[in-house]
Amino acid sequence: MLSLGALFGAIALAAHLVRDQLEALGRGFVERFGIAGMFVGTYLADAFSFPIPPQFYMLTAISAGGSQIPPMIAISVASLLAGCTGYRLAGRLARFRIFAARLERTRPKIDRLFDRYGYWAIAIGSISPVPFSMLCYLSGLYQVPWRYFVTLVLFRVPRLFLFYALIRLGWSQ
């Protein structure tokens, strides 16, 4: 909750202090890269922990004006595809000896977590401040069953819309 409040506060402060510059940035980004740029940027962020998070693309869409539906669809779809990419990639990495030995030492903790909490372990993880890409990689590394991983991915969309709502609300202050 603290991180969500910080996001709202940072957007509200930025909207108050540098609104004109952010509007110019948003319009420039949307004109130059469009929805495809938001899609690719979000995909890179959520598949490979690229340092520019999806919230940046939400802010550019909001500050540029116009319809918010296409950008949010692009950001959501890119994030879901990126999560699946991270899961698959990490699952392949888990087969290498360098990772396998370490994973086997820590696997009992993960297995106990799922035995005790099941889907709730994923649900709680998906709303935690842990980055989505890291949750996807950890799910793949520990070979979390696909049904649990799908739960994580499905929780991503409401989380994105929560971020969007906070950014939109902060922008309107």
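Residues numbered from 1 in each chain as written. Predicted model: local features only at pLDDT ≥ 70, side-chain atom pairs only at ≥ 80, totals over all residues. Heavy atoms only, no water.

Student: Which parts of the structure should I look at to understand the pattern of salt bridges?
Tutor: Should their charged atoms come close, side chains of opposite charge can pair. Per the counting criterion, the structure on display carries one salt bridge. We note a salt bridge from R156 to D46, for which the minimum N-O separation is 3.0 Å. With R156 in helix α8 (residues 146-172) and D46 in helix α2 (residues 19-48), this residue pair connects regions lying 110 residues apart in the sequence. Using a relative accessible area of 4% as the deciding quantity, one classes D46 as buried. (Salt bridge = Lys/Arg side-chain N within 4 Å of Asp/Glu carboxyl O. Helix = DSSP H or I, 4+ residues; strand = E, 2+ residues; numbered from the N terminus. Buried < 20%, exposed > 50% of the residue type's maximum accessible area, 1.4 Å probe, protein only.)

Student: Looking at this structure, I do not really get the packing of aromatic side chains. What am I missing?
Tutor: Aromatic ring pairs: the centre-centre distance and the angle between the two ring planes describe each pair. The tally for this structure, following the rule as stated, stands at eight aromatic pairs. Ring centres of F29 and Y57 lie 5.6 Å apart, and the angle between their planes is 50°; on these two criteria the pair is classed as tilted. Pair noted here: F29 is in helix α2 and Y57 is in helix α3 (residues 54-64), with a separation of 28 residues, a long-range link. Of the two residues examined, F29 and Y57, each falls in the buried class. For the ring pair W146 and F149, a centre distance of 5.5 Å and an interplane angle of 40° mean the geometry is tilted. Placement of both W146 and F149 in helix α8 is noted, with a separation of three residues, approximately one turn of the helix. Under the relative-accessibility criterion, W146 is labelled partly exposed at 40%. Among the aromatic residues, those joined into a cluster by ring pairs are F29, F33, F56 and Y57. (Phe/Tyr/Trp six-rings, centres within 6.5 Å; stacked < 30°, edge-to-face > 60°.)

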